[in-house]
Amino acid sequence: MDSKFLELKNKIEQAESIIVFSHVSPDGDTLGSNLAISLVIEKFFNKKVDSTFVGMLPSSYSYLPDFDRFQDVQTIDKNKKYDLAIAVDVASKDRMVYGTSIFDNAGYKVNIDHHKTNIGYGDLNIVDGDAACVGVILYKIFKDWGLDLPKDVARCIYTSLLTDTGGFKYENTTPETFMLAAELVRLGVSPTYEFRACYETKPQSMVQFQAYIVTNTLFYNNGKIAFSKITRSDMSKFGATDDYTEGIVEVLRTSKNVEIAAILKETKEGYTKVSLRSKTVDVTPIVIDFGGGGHTFAAGCTIKKPIAIAFDKLLKRVQSELE
């Protein structure tokens, strides 16, 4: 058995209280992975787990098994001391936001992630920057433990895999990715159902909102750069919630000449949240300059400036990267 996987198993067996963290603005990987490890701990170790989210819980993932178990981390006593805290798909500790102090206060801290920018902030760090998603890492852990995974856990891992590979079309899609997908289907996952539930159940207002944002995209450098901004006014106009913005930046990247696409979203605090995507350019140096992180062709950051100022700063930095 892998030494790190064994260490995690031992800590789970020893713990009386366990909490699992997702990152802020949760996506399919962090939510699917959170549910997968929470369900495994409860089913195979007979331990209660607090599964948490930060910010707004996207209703688009409500099809996931046991989705209602998620708790807003802000409802948990910050002074509570858990025996074991596990962060999944959390590239940096501050991405837990309100949960960071609870994580730090835990008796033992585990960091399971696949972001190459992860510096290893846990007592135990299981980080594989080459993994397509955290679901891949969890599957390896569970198989190393000799578990026969039930269908509900397989579905959670499949959502992690499906979303972080962009429906099996991103650069992180490998032979291993398809082999895992095939194994999860063998365990009872329906690819058709999962895809439709994940991508084809958007409310009408979301479709209209996303179309509006895409229509107002600005192109620079002969179409190599695509930038679109989302203001609080835009959100209010369509009654949009934070999950309405998911996937828009990928649409911008589909334009033939675009090398780098960006969505800049105005936050309630007046800052600017940035999502960057690229076809061939490593965007991590760009976001690192603004205190962010992520993957080679998909990364993000928060610029603590009003959206107009952030737009100009980011555009100049992106243009310099392409020169």
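Look above for the structure.
Conventions used here
Residues numbered from 1 in each chain as written. Predicted model: local features only at pLDDT ≥ 70, side-chain atom pairs only at ≥ 80, totals over all residues. Heavy atoms only, no water. Helix = DSSP H or I, 4+ residues; strand = E, 2+ residues; numbered from the N terminus. Contact = heavy atoms within 4.5 Å. Lys, Arg positive; Asp, Glu negative; His and termini not counted. Charge placed at Lys NZ, Arg CZ, Asp CG, Glu CD. Expected span 1.5 Å × (residues − 1). Buried < 20%, exposed > 50% of the residue type's maximum accessible area, 1.4 Å probe, protein only. Axes fitted to C-alpha atoms, helices over the stretch in contact; angles between N-to-C directions. Parallel < 35°, antiparallel > 145°, perpendicular 65-115°, else oblique. Left-handed = near helix turned anticlockwise from the far one by under 90°. Salt bridge = Lys/Arg side-chain N within 4 Å of Asp/Glu carboxyl O. Nonpolar A, V, L, I, M, F, W, Y, C, P; charged D, E, K, R; others polar. Pairing = 2+ DSSP bridges. Phe/Tyr/Trp six-rings, centres within 6.5 Å; stacked < 30°, edge-to-face > 60°. Lys NZ or Arg CZ within 6 Å of the ring centre and 35° of its normal. Arc of directions from axis to C-beta. Disulfide = S-S within 2.5 Å.

Participant: Honestly, the overall build of the chain in this entry has me stumped. Any pointers?
Facilitator: Each helix and strand in the chain was counted, giving 12 helices and 12 strands. Over its C-alpha atoms, taken along the principal directions, the chain stretches across nearly 55 × 45 × 40 Å. When contacts within the chain are restricted to residue pairs at least 6 apart in sequence, long-range pairs at least 24 apart make up 65% of them. Of the charged side chains in the chain, 38 are positive and 42 negative; the average position of the first set lies 4 Å away from that of the second.

Participant: It is not clear to me how helix H12 (residues 307-322) should be interpreted in this structure. Could you clarify?
Facilitator: For an α-helix, 3.6 residues make a turn, and residues three or four places apart therefore share a direction. Over its 16 residues, H12 runs 22 Å from end to end, which matches the ideal 22 Å to within 8%, given 1.5 Å per residue. Among all positions in H12, only Ile 307, Ala 310, Phe 311, Leu 314, Leu 315, Arg 317 and Val 318 are buried. Those residues of H12 that are buried lie in contact with strand S7 (218-220), strand S8 (225-230), strand S9 (260-266), strand S10 (272-278), helix H11 (284-288) and strand S12 (298-303).

Participant: I'm lost on the packing of helix H2 (residues 28-45) against helix H4 (residues 134-144) in this one. Help?
Facilitator: Two quantities define a packed helix pair, namely the angle between the helix axes and the distance between the axes. It is at 9 Å that the axes of H2 and H4 come closest, and there the two elements cross at 20 degrees. When the axes of H2 and H4 are compared, the pair comes out roughly parallel. Regarding H2 and H4, the two cross each other, and that crossing is left-handed. In this structure, H2 uses Asp 29, Ser 33, Ala 36, Ile 37 and Val 40 to contact H4, whose residues at the interface are Val 134, Gly 135, Leu 138 and Phe 142.

Participant: Explain the pattern of salt bridges to me, please; I cannot follow it from the model alone.
Facilitator: Pairing between side chains of opposite charge can happen when their charged atoms approach one another. Within this structure, the stated rule accounts for 16 salt bridges. Here Arg 69 ties to Asp 66 by a salt bridge, and the two come within 2.9 Å at their closest N and O atoms. Overall, the relative accessible area of 14% leaves Arg 69 in the buried class. Accessibility expressed as a relative area gives 39% for Asp 66, which makes it partly exposed. Here Asp 130 and Lys 116 are joined by a salt bridge, their closest N and O atoms 3.9 Å apart.

Participant: Sorry, what's going on with the packing of H4 against helix H6 (residues 175-186) here?
Facilitator: Their axes nearest at 11 Å, the elements H4 and H6 cross at an angle of 60 degrees. Like other packed secondary-structure pairs, H4 and H6 cross with a definite hand, here left-handed. Residue-level contacts link Val 136, Tyr 139 and Lys 140 of H4 to Glu 176, Leu 180 and Glu 183 of H6. Looking at the contact of H4 with H6 residue by residue, the class counts come to 3 nonpolar, no polar and 3 charged.

Participant: Could you clarify how one ought to interpret the sheet that holds strand S1 (residues 18-21) in this entry?
Facilitator: Adjacent strands of a sheet pair through backbone hydrogen bonds, lying either parallel or antiparallel. Strand order across the open sheet formed by 6 strands is S3-S2-S1-S4-S5-S6, with parallel pairing between neighbours. Where the open sheet ends on each side, the last strands, each with one partner, are strand S3 (71-72) and strand S6 (124-127). Together, S1, strand S4 (84-88), strand S5 (108-113) and S6 form the strand contacts of helix H1 (residues 3-14), whose direction differs from that of S6 by roughly 130 degrees.

Participant: Mind showing me how you'd approach the packing of aromatic side chains here?
Facilitator: Two numbers describe a pair of aromatic rings. These are the distance of the centres and the angle of the planes. For the coordinates displayed, the defined rule picks out 15 aromatic pairs. A ring pair is formed by Phe 21 and Phe 103, whose centres lie 5.9 Å apart and whose planes are at 75 degrees; its orientation type is edge-to-face. Of the two residues, Phe 21 is situated in strand S1 and Phe 103 in helix H3 (residues 100-105); the sequence distance between them amounts to 82 residues. Classification of Phe 21 by relative accessible area gives buried; the value is 0%. Residue class for Phe 103 comes out buried when judged on its relative accessible area of 0%. Summarising the aromatic geometry, the rings of Tyr 212 and Phe 238 are spaced 5.3 Å apart at their centres and angled 45 degrees between planes, so their arrangement reads as tilted. Pair noted here: Tyr 212 is in helix H8 (residues 204-215) and Phe 238 is in helix H9 (residues 232-238), with a separation of 26 residues, a long-range link. One aromatic cluster is present, built from ring pairs that chain together Phe 209, Tyr 212, Phe 238 and Tyr 244. Taking the ring centre of Phe 311 as reference, the NZ or CZ of Lys 229 above it sits at 5.7 Å.

Participant: Could you clarify how one ought to interpret helix H7 (residues 191-199) in this entry?
Facilitator: Taken together, the buried positions of H7 are Glu 194, Ala 197 and Cys 198. One side of H7 carries all its buried residues, which in axial view fall inside an arc of 95 degrees. At its buried positions, H7 is contacted by helix H5 (151-164).

Participant: Would you mind showing me how to read the state of the cysteines here?
Facilitator: Following the criterion strictly, the structure yields 0 disulfides and no others. Cys 156 provides the cysteine sulfur closest to Cys 133, a residue in no disulfide bond, and the two sulfurs are 12 Å apart. Cys 133 sits in the buried class, given a relative accessible area of 0%. What makes Cys 156 buried here is its relative accessible area of 0%.

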